[in-house]
Amino acid sequence: MTGFSIRADRPGSPAARGLLARHLATMRAQSPPEAVHALDEAGLSGPDVRFVVLWEGDLPLAMGALKRLSDTGGELKSMHVAAEARGRGAGAAMLRHLLALAADMGMSRVSLETGSSADFAPARRLYARHGFTPCAPFAGYAPDPRSSFMSLELGQVSLEPNGQSPQKSRPAVP
């Protein structure tokens, strides 16, 4: 058991502002300005965005958002785990929460854009472990060698409430 709790928040709350500032600073340090697609506080406050913060006790450790793109599709946005919490399962817990939220909202597909450089390799591995596969640019993104695009068909995974990673569904054996 991790001891994490995840709850809805506002991007402008004190806890979220600290995480968001660290996230934006990291993205700006790792990518040129034209390749930073992270949303700021205003972008994360839109009516089509659900924003959440992961806590351990009274310490905010991670944030993430789900942006509705269509009736059946969404995009993961601004997922960030504080450096001191990495490697402890916070990113996987946040990702599972956002995928369950997407399913609850009736979404069947979740997509994301992340960097293609070595700095973003841990994020790409996390997404791949949870069933995301490479896809074409979506939602107005243009092809860019600095970006990796991934998507997940929610109907092809089992969202396990026990904290296990989603697994690819297998056909029933007659």
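So, a few notes on the structure that sits alongside this text. (Residues numbered from 1 in each chain as written. Predicted model: local features only at pLDDT ≥ 70, side-chain atom pairs only at ≥ 80, totals over all residues. Heavy atoms only, no water.)

1. Some words on the nonpolar core
The nonpolar side chains of a soluble globular protein tend to be buried, and buried together.
Consideration 1: Counting residues in each nonpolar core, the largest one holds 29 residues, and the members touching the most others are Leu66, Leu76 and Phe132.
Consideration 2: Of all the elements in the fold, those that place two or more residues in this core are strand S2 (49-56), strand S3 (59-68), strand S4 (73-81), helix H3 (90-104), strand S5 (109-115), helix H4 (121-129) and strand S7 (147-153).
Consideration 3: Looking at this core, the element that brings in the most residues is H3, giving 9 residues.
Consideration 4: The contact partners of Phe132, leaving out residues within four places of it in the chain, are Leu76, Leu95, Leu99, Val110, Leu112, Tyr127, Met150, Ser151 and Leu152.
Consideration 5: Counting residues in hydrophobic clusters, the runner-up holds 14 residues, among them Ala16, Trp55, Met63 and Ala82. (Core = buried A, V, L, I, M, F, W, Y, C linked by side-chain atoms within 4.5 Å. Buried < 20%, exposed > 50% of the residue type's maximum accessible area, 1.4 Å probe, protein only. Helix = DSSP H or I, 4+ residues; strand = E, 2+ residues; numbered from the N terminus. Contact = heavy atoms within 4.5 Å.)

2. Examining the environment of Trp55
Consideration 1: Considering the arrangement of structural elements, one finds Trp55 in strand S2.
Consideration 2: According to the relative accessible area criterion, Trp55 is buried, its value standing at 12%.
Consideration 3: Excluding anything up to four places from it in sequence, Trp55 contacts Gly3, Phe4, Ser5, Arg7, Asp9, Ala15 and Pro60.

3. Remarks on the packing of aromatic side chains
Consideration 1: In total, this model carries 4 aromatic pairs according to the counting rule given.
Consideration 2: Ring centres 5.1 Å apart and planes at 65° place the aromatic pair Phe138 and Tyr141 in the edge-to-face group.
Consideration 3: For Phe138, a relative accessible area of 13% gives the class buried.
Consideration 4: An aromatic cluster is built from Phe138, Tyr141 and Phe149, whose rings are joined through pairwise contacts. (Phe/Tyr/Trp six-rings, centres within 6.5 Å; stacked < 30°, edge-to-face > 60°.)

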